[in-house]
Amino acid sequence: MRNTDRVTAALLLAFAVAFSVGALKSYQWWGPGGPGPAFLPFWLGLVMAFLALLMLVRSVKEKHPGETWLPRGEGLRDMLVVLAATVAYVALLNVTGMIIGTALYLAFLVRFLGRHAWWLTAAVALAAAGFNWLVFVHWLRVPMPEGVLWTF
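These figures come from a predicted structure and were not determined experimentally.

Criteria and cut-off values
Residues numbered from 1 in each chain as written. Predicted model: local features only at pLDDT ≥ 70, side-chain atom pairs only at ≥ 80, totals over all residues. Heavy atoms only, no water. Helix = DSSP H or I, 4+ residues; strand = E, 2+ residues; numbered from the N terminus. Rg over C-alpha atoms; globule rule 2.2 N^0.38 Å. Buried < 20%, exposed > 50% of the residue type's maximum accessible area, 1.4 Å probe, protein only. Contact = heavy atoms within 4.5 Å. Areas by Shrake-Rupley, 256 points an atom, 1.4 Å probe, with all protein chains shown as cover. Lys, Arg positive; Asp, Glu negative; His and termini not counted. Charge placed at Lys NZ, Arg CZ, Asp CG, Glu CD. Axes fitted to C-alpha atoms, helices over the stretch in contact; angles between N-to-C directions. Parallel < 35°, antiparallel > 145°, perpendicular 65-115°, else oblique. Left-handed = near helix turned anticlockwise from the far one by under 90°. Phe/Tyr/Trp six-rings, centres within 6.5 Å; stacked < 30°, edge-to-face > 60°. Expected span 1.5 Å × (residues − 1). Arc of directions from axis to C-beta. Polar contact = N/O pair within 3.5 Å; in protein donor to acceptor, adjacent residues only side chain to side chain.

Asker: Looking at this structure, I do not really get the overall build of the protein chain. What am I missing?
Answerer: Looking only at helices and strands, the protein chain has seven helices and two strands in total. Element order for the protein chain, N to C, with α for helix and β for strand: α-β-β-α-α-α-α-α-α. Against the compact-globule benchmark of 15 Å for 152 residues, the protein chain has a radius of gyration of 19 Å, which places it well outside the compact range. Considering only C-alpha atoms, the protein chain reaches an extent of 55 × 50 × 25 Å along its principal axes. Expressed as a percentage of the 152 residues in the protein chain, the buried residues total 23%. Sequence-distant contacts in the protein chain: of pairs separated by 6 or more residues, those separated by 24 or more amount to 61%. Looking at the protein chain as shown, the accessible area adds up to about 10,500 Å², and 76% of this sits on carbon and sulfur atoms. Placing the 11 positive and 6 negative side-chain charges of the protein chain at their respective mean positions leaves the two points 6 Å apart.

Below, the structure is given as structure tokens:
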């Protein structure tokens, strides 16, 4: 997996650094009431960069060259399914809203890719969506896209 890990780690490292720098350039670090909107994205980017760097170092130390970077067969199919589901999730946010969209997205991935039972699929989807609602909408009062489905 050395080749795959190198490419993935390099891409994640570049993204993480850009994410942290973008947070500092676009948002305020600290405000009169405490941490500003750049605080959390900056630290998340740093943690992600650190983990990507660890992955890169590990892949350089590994002796076996590993598989090719692009998966084949079922791995390629699964990757394309996740990509298509993610694009559909984002494209339909104005219709489904964040909470319902998250539940549908996770239900699809857990059932289709994980091939888990319906009860587990529903439990994971509802628990994750409920947790998102509880933390972000109820507790932190973050405005989330509600979508057309939320209004019914």
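Still to come is the rest of the account.
Asker: Could you clarify how one ought to interpret the packing of helix α5 (residues 98–112) against helix α6 (residues 118–139) in this entry?
Answerer: For any two helices packed against each other, the geometry comes down to the angle between their axes and how far apart the axes lie. Running from N to C, α5 and α6 cross one another at 150°; their axes reach a closest spacing of 8 Å. Compared by their axis directions, α5 and α6 come out roughly antiparallel. Crossing geometry of α5 relative to α6 is assigned as right-handed. In this structure, α5 contributes Ile99, Thr102, Ala103, Leu106, Ala107, Val110 and Arg111 to the contact, and α6 contributes Trp118, Thr121, Val124, Ala125, Ala128, Ala129, Asn132, Trp133 and Val137.

Asker: In this structure, what is going on with the packing of aromatic side chains? I would like to understand it.
Answerer: Think of a pair of aromatic rings as described by two things: how far the centres are apart, and how the planes are tilted against each other in angle. On inspection of all chains with the given rule, the structure shows eight aromatic pairs. Centroid distance tryptophan 29 to phenylalanine 39: 5.1 Å. Interplanar angle 50°. Geometry classified as tilted. In this pair, tryptophan 29 sits in the loop between α1 (2–26) and β1 (30–31) while phenylalanine 39 sits in helix α2 (residues 39–61), placing the two residues 10 residues apart along the sequence. A centroid spacing of 5.3 Å and a plane angle of 80° characterise the contact between phenylalanine 42 and tryptophan 43, whose relative ring orientation is edge-to-face. The class for tryptophan 43 is partly exposed, based on a relative accessible area of 40%. Feature note: the residues Trp29, Trp30, Phe39, Phe42 and Trp43 constitute an aromatic cluster, connected by ring pairs.

Asker: Looking at this structure, I do not really get helix α3 (residues 74–91). What am I missing?
Answerer: An α-helical segment advances 3.6 residues per turn. Residues three or four places apart therefore align on the same side. Taking 1.5 Å of rise per residue, 18 residues should cover 26 Å, and α3 covers 25 Å from first to last C-alpha, within 8% of that figure. Within the span of α3, buried status applies to Val81, Ala85 and Tyr89. One face of α3 carries all of its buried residues, which in axial projection span an arc of 65°. Turned more than 90 degrees away from the buried face of α3 sit Leu83, Val87 and Ala91, all of them exposed. Elements that come into contact with the buried residues of α3 comprise α4 (93–96) and α5.

Asker: Looking at this structure, how should I read the environment of threonine 102?
Answerer: The residue threonine 102 is located in helix α5 in this model. The spacing of threonine 102 and tyrosine 89 is 13 residues in sequence and 7.7 Å in space, taken between C-alpha atoms. Here the side chain of threonine 102 touches tyrosine 89 through a polar contact of 2.9 Å, side chain to side chain.

Asker: Any chance you could explain the environment of lysine 25 here in plain terms?
Answerer: For lysine 25, the position within the fold is in helix α1. Judged by relative accessible area, lysine 25 falls into the exposed class, the value being 70%. With 10 residues separating them in the primary sequence, lysine 25 and proline 35 have C-alpha atoms 15 Å apart.

Asker: Which parts of the structure should I look at to understand the packing of α3 against α5?
Answerer: Close contact between α3 and α5 brings their axes to 10 Å; oriented N to C, the two are set at 165°. With respect to their mutual orientation, α3 and α5 come out roughly antiparallel. For the element pair α3 and α5, the recorded crossing hand is right-handed. Contact residues: α3 offers Arg77, Val81, Val82, Ala85, Thr86 and Tyr89, while α5 offers Met98, Gly101, Thr102, Tyr105, Phe108, Leu109 and Phe112.

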